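# Descriptive structure summary
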Amino acid sequence: MKPIVSTYGIRVIAVLVLSLALVFPSLAADEPSPDPSGSSTGGIADIVGASAGAPTADEIKALAATEPLAAKVGDAVGKNRVAINTVWTLICGFLVMFMQAGFAMAETGFTRAKNAGHTMAMNFMVYGLGMLGFWVCGFALQMGGAGPFATLGGGGVLNGEFTIELFGKEFGLFGTKGFFLSGGTYDVAVFTMFLFQMVFMDTTATIPTGSMAERWNFKSFVIYALLVGAVIYPLYANWVWGGGWLSKLGSNFGLGHGHVDFAGSSVVHLTGGVLALVGAKILGPRLGKFSKDGTPNAIPGHHIPMAVVGCFILAFGWFGFNAGSSLAGTDLRIAVIAVNTMLAGAAGSFSSMLYMWLRYGKPDISMAANGLLAGLVAITAPCAFVTAPAAVLIGLIAGLLLCGAVLFVERTLKIDDPVGAISVHGVNGAWGVFALGLFADGTYGDALNGVEGSVTGLFYGDASQLAAQCIGILANIIYVGLIGYAVFKLMDVTIGLRVDPEQEAEGLDQYEVAVIAYPDFNIRSSSR
């Protein structure tokens, strides 16, 4: 009887096994190891480049050989630096998470009492649904190739980016590591980044709940909320923040530092604004919003004080939004970022109030509140790169853009946006990244996106940065507009986007959610 495997075959198999045994351990050694406990995250290496007078890597190496005690002190300093940055990033993330309450109050206050429970329900559930989608695959698609994170002392396990080659350059399209936050991405730096990036995604996700309020059925909303966190938001975010192609416009093509968006004017707000525009257009206006001749009719919100308080909460959370995007409590530029943020918000509320006062004879507190948000949206991208006077100017222009855009969207485009989400987030998201290309003063951002030197705008000598900003705006409008249209249109022709007219007239609290917001109030029916 002949052996099943010959002696020669056994030798070949043995050689292959031995080769794999020798090769794969070396590959595993090169692959970064996750640190789920945090015990090995942060150390003396994390003080290299921490300040102008910080030791170099060569100096630290020499120090370890001659002064072991000093090296141990340096290791503790590095560990504390990473700990401070981690705590800072998490606390700022908590502030941004609380902005969800601000959105819920603002959108509910600006809409009618008969739909208050439904509007609150969308703002509440978009948080959890978007988060789950982001956890499954959104975070991996966005940040799967973005590691390591220097300020957090780790995250090198996020080292997978899917790229294609065009014009002899690599174009990053999406990440490939971090699905379900499992396996090799079970790491404290990765989890810190997940929390911070998730709450930003959720801000985008909630913007269309305002423009589509009072007539959007809940089942299609649930599908949207999952998809925006899983796919829609993460892809563009990868192109800007995850090492994708827009961030490489500088290193690949000499366009400034690539598309720069410090805290999300384009990634968060323009994305949400474009989705809000497309969704509201497909959904159609509320019953009675437009007369037969196309004239818009006012549909007042039921609780303006609630809406104003919501805007104050958003303004408070915005400090976490912008200053937190430094990912470093040890980066003293956070003082400039925070002050620029509040100045732009104040300027936006002032200019929008003044515009309405001069045009209509009385100040409009609802427009002033939205003007505050418009200024905050606009300063979100350039907050780290501009002077205080520029921040005020950006806010003033944002408030005026808001007023003009609200009228344009309603009277020219004939789109019904109950809370002004398209104008606040879409228009001023675009203005914010454009403003960065104009006003960045060259005092911050050295080596950002792999480009030497600080971020400098047109008015300070670098027209190419403005070009990169415009490319990013155009890419967002095209990508988000197309995918948003496809998602909303597909749902519209399959399960439907809109509630029945009878249900809309009676109020969505009656039919779409199990709890009525104001059960003891009598809600009058409109004949319109």
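Refer to the preceding data block for the structure.
Please read these numbers as outputs of a predicted model, since none were measured by experiment.

## A closer look at the side chain of R286
Here R286 shows up in the loop between α9 (265–283) and α10 (304–323). Residue R286 is classed as buried on the basis of its relative accessible area, which comes to 3%. With sequence-adjacent residues up to four places away left out, R286 is seen in contact with R112, A213, E214, R215, I299, D416, P418, R498 and E504.

## Thoughts on α9
The periodicity of an α-helix, 3.6 residues per turn, causes residues three or four places apart in sequence to face the same way. Given a rise of 1.5 Å per residue, 19 residues ought to cover 27 Å, and the 25 Å separating the end C-alpha atoms of α9 matches this to within 8%. Counting buried positions along α9 gives 17 out of 19 residues, so the element sits mostly inside the fold. Of the residues trailing α9, G284 is marked for its positive phi of about 90 degrees.

## Concerning empty space enclosed by the protein
Under the criterion given, the structure shown has one cavity of 30 Å³ or more. One number sums up the size of the largest cavity: a volume of about 100 Å³. Residue lining of the largest cavity: F103, A106, E107, F110, I207, N370, L373, V419, A421, V424 and H425, and that is the complete set. Of all the secondary-structure elements, those providing two or more residues to the lining of the largest cavity are α3 (68–109), α12 (365–380) and α14 (421–439). The residue inventory of the lining of the largest cavity, partitioned by class, reads eight nonpolar, two polar and one charged.

## Quick notes on the packing of helix α2 (residues 57–66) against α3
Interaxial distance between α2 and α3 falls to 6 Å at its minimum, and their mutual angle equals 130 degrees. Looking at the two axes, α2 sits oblique to α3. Residues L63, A64 and T66 of α2 lie in contact with α3, whose contacting residues are P68, A70 and A71. Per-class residue counts for the contact of α2 with α3 are five nonpolar, one polar and no charged.

Rules used in this analysis
- Residues numbered from 1 in each chain as written.
- Predicted model: local features only at pLDDT ≥ 70, side-chain atom pairs only at ≥ 80, totals over all residues.
- Heavy atoms only, no water.
- Helix = DSSP H or I, 4+ residues; strand = E, 2+ residues; numbered from the N terminus.
- Buried < 20%, exposed > 50% of the residue type's maximum accessible area, 1.4 Å probe, protein only.
- Contact = heavy atoms within 4.5 Å.
- Expected span 1.5 Å × (residues − 1).
- 1 Å grid on protein atoms, 1.4 Å probe; cavity = no way out; pocket = protein on both sides within 12 Å on 5 of 7 lines; lining within 4 Å.
- Points joined across faces, edges and corners; volume = space filled by probe spheres on them.
- Nonpolar A, V, L, I, M, F, W, Y, C, P; charged D, E, K, R; others polar.
- Axes fitted to C-alpha atoms, helices over the stretch in contact; angles between N-to-C directions.
- Parallel < 35°, antiparallel > 145°, perpendicular 65-115°, else oblique.

Scope: geometric values only; no functional claims are made or implied.
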